[in-house]
Amino acid sequence: MKFQKTITVFILLIISSTFIQAQQTYRGEKEKKLELLHTKLKVDFNFKEKELNGEEWVTMKPYFYATDKVVLDAKAMLIHEVSLDGKSLDFNYDDFELIIDLPKVYSKNEKFTLYLKYTARPEKVKQKGSAAITSAKGLYFINPNRLDKDKPTQIWTQGETEASSCWFPTIDSPNQKTSQEIYITVPSKYVTLSNGKLENQTNNTNGTRTDYWNFTQKHAPYLFFMGVGEYEIITDKYKDIPVDYYVEKKYAPVAKDIFGNTPEMLAFFSKITGIEYPWNKYAQIVGRDYVSGAMENTTAVIHGEHAYQMPGQLIDENTHENTIAHEAFHHWFGDLVTAESWSNLTVNESFANYSEYLWLEHKYGKDEANAHLFEDQEAYKSGQNFDKHLVRFRYHDKEDMFDAVSYNKGGSILHMLRNYLGDEAFNQGMNTYLTDNKYGTGEAHQLRLAFEKVSGKDLNWFFNQWYFNSGHPKLDVSYDYNKLRKTVTVNVVQSQANEFNFPLAIDIFEAGKRTRHEVFVDGKDASFTLPYVKQPKLIVVNADGVVLCDINENKILSDYIFQLKHAENYIHKREALIEVAKKQDDRSAFEAIAGALNDDFYKIRVLALENINLINKYAKKNVITKIKSLAMNDKKTLVQAAAIETLGKLTDPELKPVFEKGLKSKSYAVLGKSLVGMYYVDKNLAIQKSKTLPLEVKNIIATPLTRIYLEENDDDELNFIASNVMSGMFLSQNKKIQSLYKKAYDKIAKSNNSKVISNLVDDIVAKGIQYKQYNFDKVGINLLRQMVQRQKTASTDNKLKNIEIIKTGIAKLLE
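The residue numbers shown here count from 1 along each chain, following its written sequence. Local features in a predicted model are, by the rule used here, given only for residues with pLDDT of at least 70; side-chain atom pairs are given and counted only at 80 or more, and totals for whole chains, interfaces and linings are based on all residues. Side-chain measures were taken over the full set of non-hydrogen atoms in the model, leaving aside hydrogen atoms and water.

### Considering the overall build of the protein
Only DSSP runs of H or I reaching four residues or more are called helices, and only runs of E reaching two or more are called strands; each is numbered from the N terminus. Helices and strands together make up the secondary structure of the protein, namely 28 helices and 31 strands. Radius of gyration: C-alpha atoms only; globule rule: 2.2 Å multiplied by the number of residues to the exponent 0.38. Taking 2.2 N^0.38 as the reference for a compact globule, 815 residues should give roughly 28 Å; the C-alpha atoms of the protein span a radius of gyration of 29 Å, in line with that estimate. With respect to the three principal axes, the spread of C-alpha positions in the protein is 90 × 75 × 50 Å. Relative accessible area decides the class of each residue, using a 1.4 Å probe on protein chains only: under 20% of the type maximum gives buried, over 50% gives exposed, and in between gives partly exposed. Expressed as a percentage of the 815 residues in the protein, the buried residues total 59%. In what follows, residue pairs with any heavy atoms lying within 4.5 Å of each other are defined as contacts. Here the analysis covers contacts within the protein between residues at least 6 apart in sequence; of these, 68% occur between residues at least 24 apart. In these tables, accessible area is a Shrake-Rupley quantity obtained with a 1.4 Å probe, and a residue counts as shielded only by the protein chains included in the view. Carbon and sulfur atoms make up 48% of the accessible area of the protein, which totals about 33,600 Å².

### Some words on the confidence of the model for the protein
This prediction gives the protein a mean pLDDT of 94; 96% of its residues lie at or above 70. What pLDDT expresses is the predictor's confidence in each residue, scored from 0 to 100. Confidence drops under pLDDT 50 across residues 8-22; counting only partners more than four residues distant or on other chains, this segment forms 28 contacts. Contacts for the low-pLDDT stretch residues 129-134, under 50 throughout, to residues beyond four places or in other chains number 17 contacts.

### Some details on the sheet that holds strand E26 (residues 487-494)
Spatially, 4 strands are ordered E29-E26-E25-E31 in an open sheet, and the strand pairing comes out mixed. The sheet is open, and its two borders are formed by strand E29 (525-531) and strand E31 (550-553), each paired with just one other strand. Each neighbouring strand pair of the sheet contributes to a mean axis angle of 25°, computed without reference to strand direction. Pairing between strands is defined by DSSP: at least two bridges between the two strands are required. When strand E25 (residues 474-482) meets E26, the two strands line up antiparallel, connected through 8 bridges. Residue Ser 478 lies in a different strand from E26, and its bridge partner there is Asn 491. For every element, the axis is a line fit to its C-alpha atoms; helices are fit only across the contacting stretch, and the angle between N-to-C directions ranges from 0 to 180 degrees.

### Describing the pattern of salt bridges
Any carboxyl oxygen of Asp or Glu that lies within 4 Å of a side-chain nitrogen of Lys or Arg is treated as forming a salt bridge with it. For the structure shown, the criterion picks out 42 salt bridges. One salt bridge in this structure joins Glu 264 and Lys 363, with 2.9 Å as the shortest N-O distance. Of this pair, Glu 264 sits in helix H3 (residues 262-273) while Lys 363 sits in helix H6 (residues 346-364), and the two are 99 residues apart along the sequence. Owing to a relative accessible area of 31%, Glu 264 belongs among the partly exposed residues under this scheme. Note that Lys 381 and Asp 550 form a salt bridge whose closest N and O atoms lie 2.8 Å from each other. Of the two residues, Lys 381 sits in helix H7 (residues 366-382) while Asp 550 sits in strand E31, which places them 169 residues apart along the sequence. A network of salt bridges, in which partner residues are shared, links Glu 361, Lys 366, Arg 418 and Asp 423.

### Things to note about the packing of helix H15 (residues 602-611) against helix H17 (residues 637-648)
Two elements in contact, H15 and H17, have axes separated by 9 Å at closest approach and are oriented at 10°. With respect to each other, H15 and H17 are oriented roughly parallel. Here Tyr 602, Arg 605, Val 606, Leu 609 and Glu 610 of H15 lie close against H17, whose contacting residues are Leu 638, Val 639, Ala 642, Ala 643 and Thr 646. The nonpolar class holds Ala, Val, Leu, Ile, Met, Phe, Trp, Tyr, Cys and Pro. Asp, Glu, Lys and Arg form the charged class, and all remaining residues, Gly among them, are polar. Of the residues in the contact of H15 with H17, the class split is 7 nonpolar, 1 polar and 2 charged. In these notes the angle categories are as follows: under 35 degrees is roughly parallel, over 145 is roughly antiparallel, 65 to 115 is roughly perpendicular, and the rest is oblique.

### Structural notes on the sheet that holds strand E16 (residues 226-229)
Strand pairing in a sheet relies on backbone hydrogen bonds, with the paired strands running either antiparallel or parallel. Strand order across the open sheet formed by 4 strands is E10-E11-E16-E13, with antiparallel pairing between neighbours. One side of each edge strand has no neighbouring strand; the edge strands of this open sheet are strand E10 (139-142) and strand E13 (191-194). The average undirected angle you get between the axes of adjacent strands in this sheet is 15°. Pairing geometry for E13 and E16, over 4 bridges, is antiparallel. Opposite Ser 194, over in E16, you have Met 226 as the bridge partner.

### Some points on the packing of aromatic side chains
Each Phe, Tyr or Trp ring (for Trp, its six-membered ring) is paired with any other whose centre lies within 6.5 Å, and the angle between the two planes then decides the class: stacked below 30 degrees, edge-to-face above 60, tilted in between. Within the structure shown, the criterion is met by 48 aromatic pairs. Measuring from centroid to centroid gives 4.3 Å for Phe 463 and Tyr 467, while their planes differ by 20°, and the two rings are stacked. Looking at Phe 463, the relative accessible area reads 1%, which means it is buried. Accessibility expressed as a relative area gives 0% for Tyr 467, which makes it buried. With 6.3 Å between their ring centres and 70° between their planes, Phe 730 and Phe 776 make a pair best called edge-to-face. One end of the pair, Phe 730, is in helix H24 (residues 725-730); the other, Phe 776, is in helix H27 (residues 776-793), with 46 residues separating them in the sequence. According to the relative accessible area criterion, Phe 730 is partly exposed, its value standing at 21%. Classification of Phe 776 by relative accessible area gives buried; the value is 0%. The side chain of Lys 457 reaches across the aromatic face of Tyr 420, ending 5.0 Å from its centre. In this scheme, the term charge over a ring applies when either NZ of a lysine or CZ of an arginine sits within 6 Å of the ring centre and within 35 degrees of the ring normal.

### Some details on the environment of Lys 661
Within the element layout of this structure, Lys 661 appears in helix H18 (residues 656-663). Residue class for Lys 661 comes out partly exposed when judged on its relative accessible area of 39%. For the pair Lys 661 and Met 632, spaced 29 residues apart in sequence, the C-alpha to C-alpha distance is 7.6 Å. Sequence-distant contacts of Lys 661, that is, excluding residues within four places in its chain, are made with Met 632 and Asn 633.

### Quick word on the side chain of Thr 170
Checked against the element boundaries, Thr 170 lands in the loop between strand E11 (154-157) and strand E12 (178-187). Residue classification places Thr 170 among the buried positions, given a relative accessible area of 1%. Those residues within four positions of Thr 170 in sequence are excluded, and the remaining contacts are Leu 36, Leu 72, Asp 73, Ser 165 and Pro 221.

### Some points on the pairing of E26
Of all 8 residues in E26, 7 are buried, a share of seventy percent or more. Remark: 4 residues form the turn of the hairpin made by E25 and E26, two consecutive strands paired antiparallel; Lys 486 in that turn has positive phi of roughly 55°. By the bridge criterion, 7 bridges tie E26 to E29 in an arrangement that is antiparallel. Within E29, the residue paired with Val 492 across the bridge is Ala 526.

The structure is reproduced here in C-alpha cells:
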C-alpha cells in the first residue's frame, strides 16, 4: 500500500499522538489452526442499500492439529446458510467471528469445502481496535444512487489490513494464502476488474452481466480485489503479459502518459530481482474517493483519483510515478512473498518504498533518486518516529505499523544495506529471499539469512541495530589537523543513546582534487586519521549520503560556498545552498546562489530560484537577465515556473513580456506563477485571464488563483476558493500554502454568503468522510464548530441560516 505523502504527514501530526501512550500488546504471527486452500465467490450488489449478496465455497484443511471447528473472520454480515456437502452446520456469530461446528474431527491431511450464503453490509462495519479505523469497511460504494451528478458510480474494495472479511468470510490474516475464483454480476454498462484472468462474460436476461475472474496462484486474503464502474480500458503489454489501465473516459487520451512506464518498470524489477514478473496480467484502475494512495492487489492495483493528471500537469512532472513503481514492486515483495505478520511489515513496505529510489536512479539518474531519498528521510525525521523499531512486535493497533518507519526509514535502511553489500550481492539476496519463500510468507530473519547466504557476511549486527532497535546516529563531527605530518583526524562522536556501527564515506577536497575515504565507525567515539597533500579546502562526512543520520559540525560561510560548488551528492548541495542563502548580504554568498542557477540538476536550480534575494545591492542586472532566460527557456517547466515566481517579486512592469509568454504556456505550473506575476504589473489582464480559464484548470492552479482573489477581495470567487480550502490547509506540506488557505477559511467562516458557506461545509464534510481513517472527520467537526462561533459574532443578515447549514454538516460527520 502506498499512502499519499501529504496524508502521511497528516497522520504524523494527528494520529501518532493519539496512541503514543496507549498500552502496547505483543503482536506475533497469527496461529495457523486452519489453512486456506481455495476461495470461490459469487457476488452481486444492492446499490440502494450498499450491500453485497454473496455465495462462497471455501476449501481448507487443519494446518497441523486436528479440529472439529472453523473460525472465520466475517464483519457485520448477515449469515443465511452454512453447509458442508449439502448438510447444514451449526454456527455462532457475533458480527466479527463466525464459529462453525464441523460434523467430525478433521486431521491435517483432510480437505473440506464449506458453503456459505451471506449478505455483506460494509456500512455497518465497526472494526475492532483503533478508533481511527472504524471506516475500514472493505467494500466501498461510490455515489451508488447517482445523487451527485458530477461523480460516477463505482464499487471498489480495500482489503489491507484485515478488511476483506467485510465482504467475504475468510481467515483474514497475512500468513494465509489461497487461490480464488470470483463471479461478479453487475449492470451491463459497467466493466469489472479482479485478480487473475477474465475467463468469460455471460449476458443475463435481466440487463446484467456476470464476469468470471480466475486466479490460480495463491496470495493473501487482503490482496483480493473487485472494481466496478464505467471505465475505458487502455491496453498495453510487457512481453506477452497484458498491462491494462482502467480510467474514466475523460482521461483515456492521457492514460499512457500517466501509467505508460509500467511495462519498463516490470522489466526493470524482473531484472534486478532475477525473477520474471510472476503473474498473468498487470492491471491498474483509478477509484474515486479512494482511502489511500494506492494498493497492490495482485494483478489489479487500485490508485486514488490523484493519479489523474492533465497534459498541463504531466508536462511539469508525473507526480504519481513513484506510487506506480511502489505498487509494481509489491508484486514481488508483498504479493509473491508476504509479511507473515503486520509486525514484520517491513518486508513488504520497505522494499516497495526503496523501489521508488531504484526506479528513479534507473530512469532519471542518481540526483533524482537522492533528492527523493532526502525527502523521504525528512518525512521520517519530522514525525514521532525516533523511538520506534522497524520490526515491532508491540503496538496498539496494526494500522500503527503503516508509518514513516516501515516505509521511509525502512527504505533508507535497504539503501544502506545495498551500499554495504554491493549491487550484485544485494540483487542476488533479493532473489534468494523471494525464491526460497515464493507464494509463502517472510520475516526479517529470513531476509537476513538470504543476504548472508549470498554474501558470506554476518549481518546480525546490521539487523540488530536497524531492524530490531530504534533511532539513527546523531553525529558530532570535528577535525584536528597536523600540518607537519599533513594529516587530518576526523572525529565522529555519537550523541544518541543507542550505539550504531556503519561504513562511512569521507571526502577530502584539496587543490581542485577530491579524494574519497571509506571508513567504518565501530564505536560511539571514533577517529580516523587521513593524509593530504595540501591543506584541505573542505571535508564532507557521509559524502555519498548513504547513512541515515544527523550531523552536527562547525562550518563557516566559505565552507558552505565551496560545498555548494563542489559537493557531488544532492543532499550536501542542498544543505549548502540553504545555509549560504541565509547570508546573501555577503557578496560571495549571493554570487554562490547565483552560480547555482546554472546547476546541472533542475531541483538545485529551483532551490536557488526560491532562495535568491534580488532585493539587495548585489542583485546585478546580469543575474536578473539569467533568471529571465530560465523563465523563458529552461528545459524544465518547473524551473521556468520558479524563475517566473522569483521575477514576480520584483513587481517590475518591464518583466510583463515574460509573464505574457508564461500565460500561453502548456504548463500549468508556469501558467499559475505567470498569473501571479502579471497581477502585480497588470492587474486587469491577470484577472481577465483567470476568469477565462476552464474550471478544471482553475482547480489545478487553485493556489495562485486563491492568492490573487484574496488580495483582490473578489467575493465572486469565494465559491471557487471554498472548494479548495480543506485540501490547502491539510493536504499540503507547504506552510505558505497552508497559511494562505487558513486565511481563506477565516474569510469564508464569517461570510454572509450562504452559498459560499454551504460550499465550504460540503467540502469539509466530503473530506472528513473520505479520510475518516485519518481523523479528518474530527478535524472537520472542529473547523465547523469554529465556523458556528464566527457566525455568532458576525453582523450578517444570514447568520441563522448559515449556522443551520454548518450544524447540518456537523451532524453528517457525527453519524
